[in-house]
Amino acid sequence: VQLQASGGGLVQAGSSLRLSCAVSVRSTFSRYSVGWFRQAPGKDREFVAAIAGSGDSTHYTDSVTGRFTISRDNAKNTVYLQMDSLKPEDTAVYYCAAKRALVAITSWDEYDYWGQGTKVTVSS
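Note on numbering: residues in each chain are counted from 1, in written sequence order. Under the rules for a predicted model, residues below a pLDDT of 70 receive no local features and side-chain atom pairs below 80 are neither given nor counted, while totals for whole chains, interfaces and linings still include all residues. Excluded from the side-chain calculations are hydrogens and water; all other atoms, namely the structure's heavy atoms, are used.

Visitor: An account of the overall build of the protein chain is requested, with residue identities and associated values reported.
Guide: Comment: elements are numbered from the N terminus, with helices defined as DSSP H or I runs of at least four residues and strands as E runs of at least two. Looking only at helices and strands, one finds zero helices and eleven strands in the protein chain. Mapped from its N terminus to its C terminus, the protein chain presents α and β elements in the order β-β-β-β-β-β-β-β-β-β-β. Throughout, radius of gyration means the C-alpha value; the globule benchmark is 2.2 Å times the number of residues raised to the power 0.38. Taking 124 residues into account, the globule formula puts the C-alpha radius of gyration at 14 Å, and the protein chain, at 13 Å, falls close to it. Each principal axis of the C-alpha atoms in the protein chain carries an extent, and together these give about 45 × 25 × 25 Å. Partly exposed describes any residue whose relative accessible area lies between the buried limit of under 20% and the exposed limit of over 50%, with all areas from a 1.4 Å probe on protein chains only and scaled to the type maximum. When burial is assessed residue by residue, the protein chain has 42% of its 124 residues classed as buried. Only heavy atoms matter for contacts: two residues are in contact if any of them lie within 4.5 Å across the pair. For the protein chain, the proportion of contacts with a sequence separation of at least 24, taken over those separated by at least 6, is 58%. Only carbon and sulfur atoms are counted for the fraction: they give 44% of the accessible area of the protein chain, which is about 6400 Å². His residues and chain termini do not enter the charge count, which takes Lys and Arg as positive and Asp and Glu as negative. For the purpose of locating charges, the reference atoms are NZ of Lys, CZ of Arg, CG of Asp and CD of Glu. Separation between the mean location of the 13 positive side-chain charges and that of the 11 negative ones in the protein chain comes to 7 Å. Per-residue accessibility takes into account occlusion by the displayed protein chains alone, with areas from the Shrake-Rupley method and a 1.4 Å probe.

Put into structure tokens, the structure is as follows:
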């Protein structure tokens, strides 16, 4: 399983970005839960959002609820993270991760596969 995260960049506070995570799997992509995590300089990795394989269940950390939306297109083996109303505290490297599971997973140590990360910088 390989993951490729993309879509990061430098934006002003209040702007939007959409991150993409393209996943290469030999089996059915809908059998994989996918999550987004982020790590700011000097801080621990933090859960952001996760989506179950079917797309019918999602979870968000409190700080992004109402601003971020996770979705997936199983026909394209891709998961998206739409980020609206960005704040400077959203600045971090964002990683996507995958695990063969039926439910959305929020703990980073349960994921088996990780992408390389994409950097998001939000200026004030």
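Visitor: Describe the pattern of salt bridges, with residues and values.
Guide: Just to be clear on terms, a salt bridge is a Lys or Arg side-chain nitrogen sitting within 4 Å of an Asp or Glu carboxyl oxygen. Applying the stated criterion to the full structure yields four salt bridges. Among the salt bridges present, the one from Arg38 reaches Asp90, with a minimum N-O distance of 2.9 Å. Note that Arg38 is positioned in strand 4 (residues 32-39) and Asp90 in the loop between strand 8 (78-83) and strand 9 (92-100), a separation of 52 residues in sequence. The same class applies to Arg38 and to Asp90, which are both buried. Of the charged contacts, one joins Arg67 and Asp90 as a salt bridge, the two residues approaching to 2.8 Å between their closest N and O atoms. Of this pair, Arg67 sits in the loop between strand 6 (58-60) and strand 7 (68-73) while Asp90 is found in the loop between strand 8 and strand 9, placing the two residues 23 residues apart along the sequence. Taken as a pair, Arg67 and Asp90 share a single burial class, namely buried.

Visitor: Account for the sheet that holds strand 7, with residues named and values stated.
Guide: For two strands to count as paired, DSSP must find a minimum of two bridges between them. On the basis of which strands lie adjacent, the open sheet formed by four strands has the order 1-3-8-7 and antiparallel pairing. Unpaired on one side and paired on the other, strand 1 (2-6) and strand 7 mark the two borders of the sheet. Sheet twist, expressed as the mean angle between neighbouring strand axes with direction ignored, is 15°. Two elements, strand 1 and strand 3 (residues 17-24), share five bridges in a ladder whose sense is antiparallel. Pairing of Ala5 across the sheet is with Cys21, part of strand 3. Only the stretch in contact is used when a helix axis is fitted, and all axes are lines through C-alpha atoms; the angle between N-to-C directions ranges over 0 to 180 degrees.

Visitor: An account of the state of the cysteines is needed here, citing residue identities and associated values.
Guide: Throughout, a disulfide means two cysteine sulfur atoms within 2.5 Å of one another. Counted under the stated rule, the structure contains one disulfide. Each sulfur of the disulfide joining Cys21 and Cys96 lies 2.2 Å from the other. Between Cys21 and Cys96 the disulfide shows an S-S torsion of about 75°. By sign, it is right-handed. On the criterion of sequence distance, the pair formed by Cys21 in strand 3 and Cys96 in strand 9 is long-range, its members being 75 residues apart. The same class applies to Cys21 and to Cys96, which are both buried.

Visitor: Would you mind going over the layout of surface pockets in detail, with residue names and values included?
Guide: Approximately 160 Å³ is the volume found for the largest pocket. A pocket, in this scheme, is an open set of points on a 1 Å grid over the protein atoms alone with protein on both sides within 12 Å along at least 5 of 7 lines, while a cavity is a set where a 1.4 Å probe fits but cannot get out; residues line either one if an atom lies within 4 Å of a point. In this structure, the largest pocket is lined by Arg38, Gln39, Ala40, Lys43, Asp44, Glu46, Glu89, Thr91 and Ala92. Under the scheme applied here, ten amino acids are nonpolar (Ala, Val, Leu, Ile, Met, Phe, Trp, Tyr, Cys and Pro), four are charged (Asp, Glu, Lys and Arg), and all others, including Gly, are polar. Residue composition of the lining of the largest pocket, by class: two nonpolar, two polar and five charged. Grid points are joined across faces, edges and corners, and a volume is the space filled by probe spheres set on the points.

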